[in-house]
Amino acid sequence: MNRIKELRAEKNILQSKLASLLKVRQNTVSNWETGRSEPDQDALREISKIFGVSIDYILGNTDIKNPLTSEDISGLTEKQIKILEMMDKLPEQDQDEIIQQAEYRIWLKQQKESGQ
């Protein structure tokens, strides 16, 4: 299921308004939202621009609305990029656990370095 209805609700845009922006009929937008049909690539690109999110987010393939760009990651190491990519594939609870483990390891390292 795609996220078009959710995105419309966040921006308070009616189906008729979105349909007008996309130059399609309102029932076409309704069909997309209910899963009776899927938007084509051109429509997905336009929806992406209108809502400022990635096509993968619209389609439900990721929970990240705007993926990192090459500019965002230009200062990151390969390991840092790999960690970000892997984290994106994990459920939120697993991500939280990994963050807690990393924070604990950093705290331990600081304790060791300060001689405590």
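Up top is the structure these notes are about.
Residues numbered from 1 in each chain as written. Predicted model: local features only at pLDDT ≥ 70, side-chain atom pairs only at ≥ 80, totals over all residues. Heavy atoms only, no water.

A closer look at the environment of Thr28
Relative to the helices and strands, Thr28 is located in helix α3 (residues 26-34). Sequence separation between Thr28 and Gln15 is 13 residues; the distance between their C-alpha atoms is 9.2 Å. (Helix = DSSP H or I, 4+ residues; strand = E, 2+ residues; numbered from the N terminus.)

Quick word on the pattern of salt bridges
In total, this model carries six salt bridges according to the counting rule given. Measuring nitrogen to oxygen at the nearest pair gives 2.5 Å for the salt bridge that ties Asp63 to Arg3. Within this pair, whereas Asp63 is found in the loop between α5 (55-59) and α6 (78-89), its partner Arg3 is found in the segment before α1 (4-11), the two being separated by 60 residues in sequence. For Asp42, the salt bridge goes to Arg45, with nearest N and O atoms at 2.4 Å. In this pair, Asp42 and Arg45 are both assigned in helix α4 (residues 41-51), three residues apart and thus about one turn of the helix distant. (Salt bridge = Lys/Arg side-chain N within 4 Å of Asp/Glu carboxyl O.)

This is a description of form; function is not addressed.
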